[in-house]
Structure formats: structure tokens, C-alpha cells
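Chain by chain, the residues:
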Amino acid sequence: MSSLRGQIRDFTHLRYKRRKLLSLFISFLLSLSALAAASCLISVFGYVIWKGLPHVNLDFLLSLPKPVGETGGGMFNAFLGTLLMVFLGSVVGIPWGILTGVYLSEYGRGKFAFLVRFSADMLASVPSIVVGLFIYVLIVKPMRGFSALAGAASLALIMIPIIARNTEELLKLVPNHLREAGLALGIPRWKVILRIVLRGSLGGITTGVMLAIARVAGETAPLLFTALNNRFLNLNPTQPMASLPVQIYTYAIAPFDEWNQQAWAGAFVLVIFVFVLNLGTRWLVKPTALGTRD
Amino acid sequence: MKSSPLPMNNQNTSVFEKIILRKDVRFADRVFFWITRLIALLLVGLLVSMGLFLLNASSLAIRSSGIVSFVSTSVWDPVKEVYGALPVVYGTLVSSVLSLIIAFPLSIGIALFVNELAPAAIGRIVGFLVEMLAAIPSVIYGLWGVFVLVPFLREYLQPWLISKLGFFPLFEGPAYGVGLFSAGLILSLMIIPTISSISREVFAAIPRGQREAALALGATRWEMMKLSVLESSKAGMFGAMMLGLGRALGETMAVTMVIGNRAQIVASLFAPAQTMSSVIANEYAEATSDLHLSSLALVGLILFVVTFVTSSLARLLVWRVTRSQRKLK
Amino acid sequence: MPDDILSVEGLCAWFGEHQALKSIDLNVASHSVTALIGPSGCGKSTFVRCLNRLHEEVPGASASGKVLLQGKNIYDANVDPVLIRRKVGMVFQKPNPFPALSVFDNVVAGLKLAGIRRKSVLKEVAEKSLRQAALWEEVKDKLDKAGTSLSGGQQQRLCIARALAVEPPILLMDEPTSALDPISTAKIEELVVQLKKDITIIMVTHNMQQAARISDRTAFFLLGELIEFGDTSSLFTVPKEKKTEQYITGKFG
């Protein structure tokens, strides 16, 4: 027994320095990986500000694209297009997502609910370019033309599963005794759900919706062959429509410096839009939002 | 549904309830239930019809060459109307695997740093920054890739790697900048948030007692992480990796912008290539022949099936792991 | 006293702003069993967790004061908590074997950390520790099964064996039987009495009968203060403090 203890002590002293160094070294590596990710974010963000901000001015914000060779011009049509398509997508996507979330949280037991939950998760992981393909076959082809409606549909399709799962998670946090209290007062269940359960988590649901909007506002791939692009100002949803992400893409891969600069400026606007939505929700509706995220 | 969704709708309701719950109320309840259920069903229908519509759209390509020869033919040439998906499958696989090789260790490192190592305040900041990484739209990554990453790789990193490791086919020159390597790098940046946040979830589900057991035995911090955290989250980390892979396989814009868009199979990582998603993004809007459209749809269908399989496996794995850990707790 | 293996002087502990321990003084004699009793939230668990410096691993927690282990203050600036934990083993309230490791690997986990890899040594120690923990007969045929496949009582004894394997002079037990059935509890109590000849045991319990049955000395904690500390027999029969008397007669807690 004493021999073992001696052995342990010898080994411990011999190896302890090495173990401690190893632990320190790995802690250093872990910190380094965190630093690497953080600096990549700062680099992307920094470049967008550095290259984009100087070119953002009233002309850029409020005028239409000019042909190659002419200076000036802006992305007004793209801003408007993105806003319009995100709005149209939200009109369908938000209620659909929330009601699905309500179903999953309030009635969601058994196999069918599992299927719905699973489908939502799968839908959320379908590549957005495939969503675009699907909408092309579903809407663009029968309608014989690219249109803002098709673009909005693909954005809605991306929003639905995100909102549904978020709503479900939030509603599940509402304590059961609140529902029972409502039911015990003789309030019908559907009113309990709408008036007590949904209203109680309105903040969190809003957060989820805003995050979903932020996500689709930056989507490019599903718009490439649904809404296509449009060099002119168009407010007719049955016609092709410009959008900010597609415009950034087009200008980024074009061989003209002027366009490249505008791509950066557009990127700046898009990043600000997305970040304001992200940060805004975080600070505006803090209690529920943070409670569920961490 | 075994348990009735409408508890008031059973036989032995009290007199009090019968007075309160008039028929129309019960009817309204039932209507509400069926509305939400129908809408939820529509979501399932969307997923199913997505598969069916894509299948239908790609039927011409399937009939003309068959799936097996489609994915094993190595020429993709719209001009000659020859459509073999091997180069784009290859491009997708290599860029995704490359991104995993870079992103997986980094993400686990970040997750360990935030959950196990850093003081709460710093951990929260890093966690927030990584979450922001997920919020940046793909096209912005592409823009950054085209004007920042690719020039840097072309001027500095790739020439250096070629001079040191050029004897190895993977690192053969010339340094184009655009290509598999750049795509892999950008992809890794985009999947880090996915892998690290899922890993953090998995780690957080491990009971405190596990960590204290290791510390009480005289483990150093790293030994504690290895013994209590990593050892028991292998399945969860694998699930996180698969979810990351699912994202990488389908990611489109950033890849399209930096991969060089040439459907070819070349050993060098520095050579331009094409992925399944980027070939659709590049060619679909301009494709005119039916076979071309159908072949692109078939590529989309394959992408759909592959990401479906990866993500569902990953989902089930992560679900099972976090649930069983919660039970232990 | 010369044969005190552990003496605590003015130990204070905090969780953030909340002070959980208020200047505790206490001596523990070598080869004895000391029981810590008191209502929940009185600081007894925090106290033992300060003795192997595990308390400070809780985010926001801190401690001050002196804990002399074999004459050396473990809260000195140059002391490495990892080495302290090697000398002061611990068994927790809920059994916590490493789920990914087998029974055998659980027992020798501490030895492996210390760098002992020779199979013969590991086997010998594993058997000895499992015998000490009165578990050998039950698990000798399933050493390579997962540690979590055992029953709750067996898991707890596995954790005791794991702590004993590195031969710590002191073993801390934080309500080791509160999650167990009466039979497992009896086994562990028996074990504690047996172990006394080899090591020193400090045990938190909320069960006064348990304290009376197995301990030599008992400390009564209330609201972060040490109210009374003395021989178990006298503390339970003729308590000096009014509060102690009220507690052991069931007036509160």
C-alpha cells in the first residue's frame, strides 16, 4: 500500500508539470480558436464598413441603376424590391409559422406532431437554392414568367419552419397552470390559447419573427430564378423584381469598379438592416428572448 | 392522437361545465384545433411536394441517362448537351469536407472556450460574436471572399503553400485564388456557428456533477474537459458535425462567388471547380434546353435528398443525446 | 493538537454577494469520522467543498480564510488546487460515474490521470479499491460494462472506490446516501466505519440518526455559522447550545 502511494507520488510529481503545461497549452488553443472566429467576424464587418460606407449617399439610396459607363446611380429599386418581397413573404409566412407552432405546442403529442416537427426541421435545412428550384417549378413555370410573387413565396417557405419551431419552444415555456386557470374560468381553449398563451409570449414570438425576417432579407439563392432581377423600378408583383442581395451579387461579380463599389455600398445597407433587426430584438424584448436562447 | 386534444369534450363533464361549455363553444374549439392541425399538415405537404415536384422536373434527365450514369459521368457541357454530374458532386464533396476539417476543431474549441473555460462575461461576448457570424447573409461572405479572401490567398497563402508543399498533388499550382480551397475556407466560416452552437447545447446538457467528479479526482482543466465533457458527448458532436455538413453541402452564394465555376475534376485544391448548388445558381436562369433544365433539377433533387439524409440523421442524433442527458440530470 | 490532520481557521465563503459561510473554525482528527449536520442551506455542503477547493469552481464563488491540511494552508497563493484534490477525495450527493467509461476505467480514472498506465498496477488497485468499497463481489464479472449500468447504490460505491483508488488521506462525502435506498445506505454506513482505519472522513448528512450512528464528532451548522462542534455522543445527548437542542429535537429544519 505504501509502495503504491509512493509510486503515485513519484509519477504525480514527474508528470504533473507536463499535465499542467498541456492544460495551459490547450486552453491557449481554445482561446485562439475563439479569437480566430471573432477576428473573422470583425474582418467581414470591418471591410463592409470601410469599403461600403463611403459610397452610401442620398443618390445611392434614392436613384435607380445607371447603365455601365455612366457614373452615379443607386439601388433604390433593389431596396424597394427587397422590402416588398419580404413583406409579401411575411404575410404568408408569419401566420403560417405561428399557427404551426401553436399546433405543435398546444396539441403536439403523438406521431403526427412528431412528423410535423421533423418536417419543419427538415424544411429548415433544405438548401435555399433548392427552395428556389421548387418555387420555379411550382409557380414560375405555370405562370410563364419570373415574378416578385414567386420570390416572395420562396422567402415565405424559408420563414415558416424557423418561426414555427421558435413559436413552439416559446409557448412550451408558458406554465401549464396559466392554461388551467383560464380553462377553469370557463374560457374556451381556443381563446385561452390566443388570449393567454400567445399574448404571454408575444415578445419572444416577435423576436423569432424579426430574426426570420432578417434571415430572408439576406437570401439570394432562392431569388435568382424566381424574382430574377430588374433594372427598373417595378411595383407589380407579377413582374420580375430587383432585390438587394441579388443586386449585390450581380454587381460583385461584374468586371466594373463602379459596380463593385456599389456592391459594397449595398452590402453595407444590407448588413446594417440585418444587424439592426438582430440586435434590436435582442435588446428590445430581452427577458423572454434571452431566457430561451441560453 | 391518443389523448384527446379537447379535454372538455369527454363524457363525464360536470353540470357546471355543461352550462358553460355550450355546443357552439365546443364547436369553436374543434374548429380552432382543426385549423392549426390543417396548417401544420400543409407544412408536411410542402416538404413532400418539394420532393415530388423536383422528381417530376428531373424526369427527363433521369429517363435520358439514368441516375447512376448521371452521377458517374464526368463531363458537364451545356454547349454539347452532355450532362454528367460527377464534377459538381466532386466539387461539393471536396469543398464540404475541407470546410469540416477546418471548422470542426475550431467550433469545438470555441464551444469549450465559451462553456468551460472563459469567465462568464467573455464567454457571453464570444458566444454573441459567433452568433452574429451566423446572421451575416451568404452573399456578404461571397463579396468579402471575392475582394478580400481570394486576393489574399492568391498573393500570399497559396504561393507559399505551393512552394512548400507543391510536390503533393493537392497543393499543386498555379494559384488561381478562386477554387476549392477558397470555397472550403469560406464555408468553414459559415458553418462554425452551426457546429459550435449545437456543441454548446450538447455540452451544456452534461450535468455539473460530471465535471466536479473529474475535478475532485485531481484532473487539470483540460483533463476535466476531456474526461467529463468530450468523452460523453461524442455522439452529440458527431450530430453537430453532420448538421454543419448539411449546411456546407447546400450553401450556395458564397461558394458560387469564390469557387471559379468550372465543372472539372482536378487534384489540386487551388484549381477552380463547381459545386451542385453553384451550377444551379449559375446556369438555371439562363438554361434554355429542356434537358439542361431537367439535369439541373436532377442535381437539385440529389442535393435535396443528400441534405435531407444528413440533416435527419444529425437531428435524430442530437435529439436523442440531449434528451437522454437531461434525464440523467 | 498534533494529530489533527485538518484544521480550519476563519473560513468564509461567498456566492457572489451572498455569504454562505461566516468565519468557521474547526479541527478534524486523523482517522476519525466527522459528521456535519444542519438544515438545508446552512452551508455544510459549501464547507466541505471548500476543503478541496471545489467551491471556487462555481461561477462567482469565492472563499477566504485558512485550511491547514497536514499543517499546510491550502489557500496559500502558491498552492495548486489540483494537487489538493488529489489528497482530499470527494464523493457527491448524486452518484456520478463517468458515463462513457467502464466500471474498471471509472475506478482507475484518477490513477490514469496521474500517469500510471501499467496494467498490472491498475488491476491490483482496482480490485483493492472495489473491495474497500464493498463492491468487488458484485461487479467483478462486469468490469468492462458501463459504469452507469450499475444500480444507484452500486454507482455510489463505485464513486467511493474511484475516490479511494488514489489513496487520499481525507475523504469528503456530501450527503452520499440521500439519493439511495435504505439497504444501500446501510452498506455505505458500514463502509464508512470500516474505512476509518485507513483514512479520515468528513461527511455531510441531513440525517441525524446517521450522524449519531457512525461519526466520532459532529458539527452543527446554521445559516452559515458553526453553532456547535463536539463529540457526537455528547452533542446529541447534552447539547451546549439552545439552537442545537432545538434542531436535534426537531423544533425546526
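Throughout, a residue's number is its position along its own chain's written sequence, starting from 1. Chains carry letters and ligands carry numbers; both start at the beginning, A for chains and 1 for ligands, and go up in the order they are written. Confidence filtering applies because this is a predicted model: local features only for residues at pLDDT of at least 70, side-chain atom pairs given and counted only at 80 or more, and all residues used for totals across whole chains, interfaces and linings. The basis for every side-chain value is the complete set of heavy atoms in the structure, and neither hydrogens nor water enter the calculation.

### Considerations on the overall build of chain B
- What counts as a helix is a DSSP run of H or I of at least four residues, what counts as a strand is a run of E of at least two, and both are numbered from the N terminus. Helix and strand counts for chain B stand at 14 helices and two strands.
- When a residue's accessible area, from a 1.4 Å probe over protein chains only, is under 20% of the maximum for its type it is buried; when over 50% it is exposed; and in between it is partly exposed. Taken over 329 residues, chain B has a buried fraction of 56%.
- Here a residue-residue contact requires only that any non-hydrogen atoms of the pair lie within 4.5 Å. Within chain B, counting contacts between residues at least 6 apart in sequence, those at least 24 apart form 75% of the total.
- To measure how exposed things are, a 1.4 Å probe is used in the Shrake-Rupley method; for residues, cover is taken only from the protein chains shown. Just so you have it, chain B exposes about 13,700 Å², and 67% of that area is on carbon and sulfur atoms.

### A short note on the sheet that holds strand β9 (residues 217-222) of chain C
Residue and element names in this part refer to chain C.
- At least two DSSP bridges between two strands are required for those strands to pair. Strand order in the open sheet formed by six strands is β6-β7-β8-β3-β9-β10, with mixed pairing between adjacent strands. Every other strand in the sheet has two partners, leaving β6 (88-91) and β10 (225-231) as the edge strands with one partner each. Adjacent strand axes in the sheet meet at a mean angle of 15°, parallel and antiparallel pairs treated alike.
- Bridging between strand β3 (residues 33-37) and strand β8 (residues 200-204) involves four bridges; their strand directions are parallel. Residue pairing in the sheet places L36 in a bridge with V204 of β8.
- Sheet strands in contact with helix α1 (residues 44-51) are β3, β6, β7 (170-174), β8 and β9, and its direction is about 150° off that of β8. Only the stretch in contact is used when a helix axis is fitted, and all axes are lines through C-alpha atoms; the angle between N-to-C directions ranges over 0 to 180 degrees.

### Observations concerning the pattern of salt bridges
Residue and element names in this part refer to chain A.
- In what follows, salt bridge is the name for a side-chain nitrogen of Lys or Arg lying within 4 Å of a carboxyl oxygen of Asp or Glu. All told, the structure shown has 31 salt bridges over all chains when counted by the stated rule.
- One salt bridge connects R179 with E106, and the closest N-O pair in it is separated by 2.7 Å. Here E106 lies in helix α3 (residues 76-107) and R179 lies in helix α7 (residues 176-184), a separation of 73 residues in the sequence.
- Its relative accessible area of 11% is what places R179 among the buried residues.
- Using a relative accessible area of 6% as the deciding quantity, one classes E106 as buried.

### Looking at the packing of aromatic side chains
- Two rings from Phe, Tyr or Trp (for Trp, the six-membered ring) form a pair when their centres are within 6.5 Å of each other. A pair whose planes differ by under 30 degrees is stacked, one over 60 is edge-to-face, and the rest are tilted. Using the criterion set out here, one finds 27 aromatic pairs over all chains in the structure.
- Taking 5.8 Å as the distance between ring centres and 75° as the angle between the ring planes, the aromatic pair formed by A:F60 and A:F79 counts as edge-to-face. Linking A:F60 in helix α2 (residues 58-62) with A:F79 in helix α3, this pair joins segments that are 19 residues apart in sequence.
- Between the aromatic rings of B:F171 and B:F270, the centroid separation amounts to 6.0 Å while the plane-to-plane angle is 55°, which identifies the pairing as tilted. Placement of the pair is B:F171 in the loop between α7 (138-165) and α8 (180-204) and B:F270 in the loop between α12 (253-258) and α13 (276-283), with a sequence separation of 99 residues. As far as the burial class goes, B:F171 and B:F270 line up, both buried.
- Through pairs of rings, three or more aromatic residues link up here, namely A:Y103, A:Y107, A:F112, B:F33 and B:W34.
- Just above the ring of B:Y176 sits the side chain of B:R262; from NZ or CZ to the centre is 5.8 Å.
- In this analysis the charged atom, NZ for Lys or CZ for Arg, is taken to sit over a ring once it is within 6 Å of the ring centre and within 35 degrees of the ring normal. Its guanidinium or amino end placed over the ring of C:F98, C:R162 lies 4.6 Å from that ring's centre, counting from NZ or CZ.

### So, the sheet that holds strand β1 (residues 4-15) of chain C
All names here are of chain C.
- Here four strands make up an open sheet; going across it, the order is β2-β1-β4-β5 and the pairing antiparallel. Since the sheet does not close on itself, it has two edges, and those belong to β2 (18-29) and β5 (72-73), each with one partner.
- In this sheet, β2 lies alongside β1 in antiparallel orientation, the contact comprising eight bridges. Of the residues in β2, the one forming a bridge with W14 is Q19.
- Each of β1, β2 and β4 (61-69) touches α1; the most contacted strand, β1, lies at about 120° to it.

### A short note on unusual backbone geometry
Residue and element names in this part refer to chain C.
- The backbone phi angle of E167 is positive, close to 50°, even though this residue is not glycine.
- In this fold, E167 is placed in the loop between α7 (152-164) and β7.
- Even without a glycine there, the phi angle at L223 is positive, about 50°.
- Turning to its location among the elements, L223 is positioned in the loop between β9 and β10.

### Regarding the interface of chain A and chain B
- The interface of chain A with chain B comprises 81 residues on the first partner and 81 residues on the second.
- In this description, buried area is defined as the sum, over both parts, of the accessible area (probe of 1.4 Å) that is lost when the two are combined. Surface buried jointly by chain A and chain B totals about 7,600 Å² across both partners, of which 81% is contributed by carbon and sulfur atoms.
- Summed over the three residues of chain A that lose the most area to chain B, namely A:L30, A:Y107 and A:F134, the buried surface amounts to 8% of that side.
- For the salt bridge of B:R315 with A:D121, the shortest nitrogen-to-oxygen distance reads 3.5 Å.
- N or O atoms closer than or at 3.5 Å make up a polar contact, with two conditions inside protein: a donor-capable atom paired with an acceptor-capable one, and, for residues adjacent in sequence, both atoms drawn from side chains. Along the contact surface separating chain A from chain B lie ten residue pairs in polar contact (both at pLDDT 80 or more).
- Looking at the side of chain A that touches chain B, the elements that each hand over two or more residues are α1 (2-52), α3, α4 (110-125), α5 (128-143), α6 (148-173), α8 (189-200), α10 (244-252) and α11 (257-284) of chain A.
- Examining the composition of the side of chain A that touches chain B, we find that 18 residues originate from one element, α1(A), more than from any other.

### With respect to the domain arrangement of chain A
Residues and elements named next belong to chain A.
- As far as domains go, chain A holds domain 1 (2-54) and domain 2 (59-293).
- Boundaries between domains were set according to an automatic or database domain assignment. Just the C-alpha atoms count here: the centres of domain 1 and domain 2 sit 38 Å apart.
- Contacts between the two partners involve seven residues from domain 1, matched on the other side by six residues from domain 2.
- Taken together, both faces of the contact between domain 1 and domain 2 bury some 660 Å²; the carbon and sulfur share is 90%.
- Applying the counting rule to domain 1 against domain 2 returns zero salt bridges.

### Considering the pairing of β7(C)
All names here are of chain C.
- Within β7, five of the five residues are buried, leaving the element largely enclosed by the surrounding structure.
- Residue alternation in β7 divides its side chains into two sets, I170, L172 and D174 and L171 and M173, and both sets are buried.
- Bridge analysis of β6 against β7 gives four bridges, and the strand direction is parallel. The partner of V88 across the bridge, within β7, is I170.
- Sheet analysis places β7 next to β8, joined by five bridges and oriented parallel. Bridge pairing links L171 to I201 in β8.
- A crossover gets the label right-handed when its path from the first strand over the helix to the second runs clockwise, viewed with the strands pointing away from the viewer. Considered for its hand, the β-α-β crossover made up of β7, helix α8 (residues 182-195) and β8 is right-handed.

### Here we look at the nonpolar core
- One finds A:Y103, A:I248, B:M50, B:L112, B:I140, B:Y141 and B:Y284 to be the most contacted residues of the largest nonpolar core, which totals 184 residues.
- The dominant element in this core, judged by the number of residues it contributes, is α8(B), at 13 residues.
- Contacts of B:Y284, omitting those with residues within four sequence positions, involve A:L133, A:Y136, A:V137, A:F225, B:V279, B:L293, B:L296 and B:A297.
- Counting 43 residues, the second-largest nonpolar core is a separate cluster that includes C:L26, C:V48, C:I170 and C:F221. The criterion is simple. A nonpolar core is a set of buried Ala, Val, Leu, Ile, Met, Phe, Trp, Tyr and Cys residues joined through side-chain atoms within 4.5 Å.

### Observations regarding α5(A)
All names here are of chain A.
- Helices are assigned an expected span. That span is 1.5 Å times one less than the residue count. Given a rise of 1.5 Å per residue, 16 residues ought to cover 22 Å, and the 21 Å separating the end C-alpha atoms of α5 matches this to within 8%.
- Of all the bends in α5, the greatest measures close to 40° and is centred on Y136.
- With twelve of 16 residues buried, α5 is to be regarded as a mostly interior element.
- Turning to α5, its buried residues are S128, I129, V130, V131, G132, L133, F134, I135, Y136, V137, I139 and V140.
- Just downstream of α5 lies R144, where phi reads positive at about 55°. Bend at a given residue is defined as the angle between two axes, one fitted to the seven residues that end at that position and one fitted to the seven that begin there.

### A word on the environment of C:A161
Residues and elements named next belong to chain C.
- Tracing the chain through its elements places A161 in helix α7.
- Sequence spacing of A161 and E127 is 34 residues, and the spatial spacing of their C-alpha atoms is 9.3 Å.
- A161 has contacts with V107, S129, L130 and A133, leaving out every residue within four places of it along the chain.

### What to know about the side chain of B:S312
- With respect to the helices, strands and loops of the structure, B:S312 is situated in helix α14 (residues 290-328).
- At 2.8 Å, the side chain of B:S312 and the backbone oxygen of B:F308 are in polar contact.
- Those residues within four positions of B:S312 in sequence are excluded, and the remaining contacts are A:F118 and A:M122.

### Some points on the domain arrangement of chain B
Residue and element names in this part refer to chain B.
- We note that the domain assignment places domain 1 (7-57) and domain 2 (65-328) within chain B.
- Each of domain 1 and domain 2 was reduced to a C-alpha centroid, and the two centroids are 40 Å apart.
- Contacts between the two partners involve six residues from domain 1 and, on the opposite side, six residues from domain 2.
- When the two sides are added together, the surface that domain 1 and domain 2 hide from each other amounts to roughly 500 Å², 82% of it contributed by carbon and sulfur.
- Contact with domain 2 buries surface across domain 1, with L47, L54 and A57 losing the most and accounting together for 71% of the total.
- At the boundary of domain 1 and domain 2, one finds zero salt bridges.
- Here domain 1 and domain 2 share one residue pair in polar contact (both at pLDDT 80 or more) between them.
- In this classification, Asp, Glu, Lys and Arg are treated as charged, Ala, Val, Leu, Ile, Met, Phe, Trp, Tyr, Cys and Pro as nonpolar, and every other residue, Gly included, as polar. Residues belonging to the side of domain 1 that touches domain 2 are distributed by class as follows: five nonpolar, one polar and no charged.

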